[in-house]
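# Inside the fold
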Amino acid sequence: MRQEVERYRKPTRILHWVHLVTFCVLFLTGLVLFIPQLGILAQDSWTRVIHRIAAAIFVIAPLIYIPMNWKSTKRGIKEAFTWGAEDIGWLQAAPRYYFFGDEKVMPPQPHMNTGQKMWWFLVIVFGIIFVITGAIMWFAKTAAPAAVLQWMVFVHDIAFIVTGCMLFLHIYLGVFHPLMGSAWDIMVRGKVSAEYAKAHHAKWYEEVVKGKEVKS
Ligand code: HEM
Ligand code: HEM
């Protein structure tokens, strides 16, 4: 029988699904506001209302998740912001690994590899930027000076462009890259095969075997 290892616990998987759906809704309703030619779709402001509802869910979900899953949140943040020698190894090996499928060049990786750390970092930093600039546009539309509002729109738009591009990369690497495992199994059941864990996250797999790992 195929041996499996748990990579993401149920609450983490639920948070990921909530963020996946709300982010896509925010992206599409944001696109309607961003591209003037799509203005017809923004008539009667229904896209603005959907944008605000999705934004509220996007923000409330982690506020519920974090206190209930404090240990794994702390571990995730610590991992994403701690860089060491193995990250240099990953950066050097990444072009040959991802473009030419040369698996031998990649040094053993922990639970999160450097690319995943960069995505986590981006999600946290730009998530905060979205919330601050979005909240000012939402709640201080009449109170804030016009120049401040213009800056908020500008920064919100930059965050939209950067995270939009990086999301395509995240989806490509997570789902379509030939070296990756079954995205469905990871996202829905939180599981990967033991061979996949050994090949892609050897350092983490060692902890799993010793029963020492903290689950995300
Ligand atoms: C998470 C918290 C967020 C909040 C509170 C928020 C809030 C807002 C608000 C209030 C507006 C102005 C809408 C209007 O003109 O009436 C807006 C515009 C916009 N939002 Fe968000 N948003 C959030 C996240 C996002 C995300 C994740 C994306 C895309 C990935 C996004 C993309 C956009 C875009 C492109 C615009 C149009 C700006 C323009 O007029 O050029 N927003 N947002
Ligand atoms: C259609 C959209 C998405 C797909 C298909 C997708 C897919 C995946 C998959 C397969 C993984 C597991 C990777 C692994 O552990 O090997 C993952 C992890 C993760 N996802 Fe997503 N995701 C999507 C959207 C999002 C969004 C919108 C966010 C944030 C707002 C997000 C944040 C994360 C984070 C922080 C991780 C853990 C770090 C990493 O593995 O990169 N994902 N995603």
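Higher on the page you've got the structure.
First things first, this report covers the structure right here in the doc. Please read all numbers here as calculations on a predicted model, not as lab measurements.

## Concerning the site of ligand 2
Surrounding ligand 2, one finds 18 residues, the nearest of these being Arg7, Tyr8, His16, Gln116 and His170. Between Arg7 and ligand 2, the recorded distance is 2.9 Å, taken from a side-chain N or O atom to an oxygen atom. His16 is positioned with one of its side-chain polar atoms (N or O) 2.8 Å from a nitrogen atom of ligand 2. Broken down by secondary-structure element, the contributors of at least two residues to the shell around ligand 2 are α1 (10-34), α5 (114-139), α6 (146-176) and α7 (183-189). Looking at the shell around ligand 2 element by element, the count peaks at 5 residues for α6. Its residues assigned to classes, the shell around ligand 2 shows 12 nonpolar, 5 polar and 1 charged.

## Topic: the packing of aromatic side chains
Given two aromatic rings, one states the distance between the centres and the angle between the planes to describe the pair. In total, this model carries 9 aromatic pairs according to the counting rule given. Taken together, a centroid distance of 6.3 Å and an interplanar angle of 45 degrees make the contact between Phe23 and Phe58 tilted. With a gap of 35 residues between them, Phe23 in helix α1 and Phe58 in helix α2 (residues 46-68) connect regions that are remote in the sequence. On the basis of an interplanar angle of 55 degrees and a centroid distance of 5.1 Å, the ring pair of Phe81 and Phe121 is categorised as tilted. Taken together, the residues Phe81 in helix α3 (residues 70-81) and Phe121 in helix α5 connect sequence positions 40 residues apart. For Phe81, a relative accessible area of 43% gives the class partly exposed.

## Brief notes about the site of ligand 1
Surrounding ligand 1, one finds 20 residues, the nearest of these being Gly30, Arg48, His51, His156 and Asp157. Asp157 is positioned such that a nitrogen or oxygen atom in its side chain is 2.9 Å from an oxygen atom of ligand 1. Applying the majority rule of atoms within 2 Å of the grid points places ligand 1 in the second largest pocket. Mapped onto the shell around ligand 1, the elements with two or more residues apiece are α1, α2, α5 and α6. The greatest single-element share of the shell around ligand 1, amounting to 6 residues, is contributed by α1. Class assignment for the residues of the shell around ligand 1 results in 12 nonpolar, 4 polar and 4 charged.

## A closer look at the coordination of the iron atom of ligand 1
At this site the iron atom of ligand 1 is bound by His51 (NE2) and His156 (NE2), with donor distances of 2.1 Å. In this structure, the iron atom of ligand 1 is surrounded by 6 donor atoms whose angles at the metal cover 86 to 179 degrees, and the resulting shape is octahedral. Of this pair, His51 sits in helix α2 while His156 sits in helix α6, and the two are 105 residues apart along the sequence. By relative accessible area, which is 16% here, His51 ends up buried.

About the cut-offs
- Residues numbered from 1 in each chain as written.
- Chains lettered and ligands numbered in written order.
- Predicted model: local features only at pLDDT ≥ 70, side-chain atom pairs only at ≥ 80, totals over all residues.
- Heavy atoms only, no water.
- Near = heavy atom within 4 Å.
- Polar contact = N/O pair within 3.5 Å; in protein donor to acceptor, adjacent residues only side chain to side chain.
- Helix = DSSP H or I, 4+ residues; strand = E, 2+ residues; numbered from the N terminus.
- Nonpolar A, V, L, I, M, F, W, Y, C, P; charged D, E, K, R; others polar.
- Phe/Tyr/Trp six-rings, centres within 6.5 Å; stacked < 30°, edge-to-face > 60°.
- Buried < 20%, exposed > 50% of the residue type's maximum accessible area, 1.4 Å probe, protein only.
- 1 Å grid on protein atoms, 1.4 Å probe; cavity = no way out; pocket = protein on both sides within 12 Å on 5 of 7 lines; lining within 4 Å.
- Sits in = over half its atoms within 2 Å of the grid points.
- Donors = N, O, S within 2.8 Å, 3.2 Å for Na, K, Ca; no water.
- Tetrahedral: all angles 85-135°; square planar, octahedral: opposite > 155°, others 65-115°.

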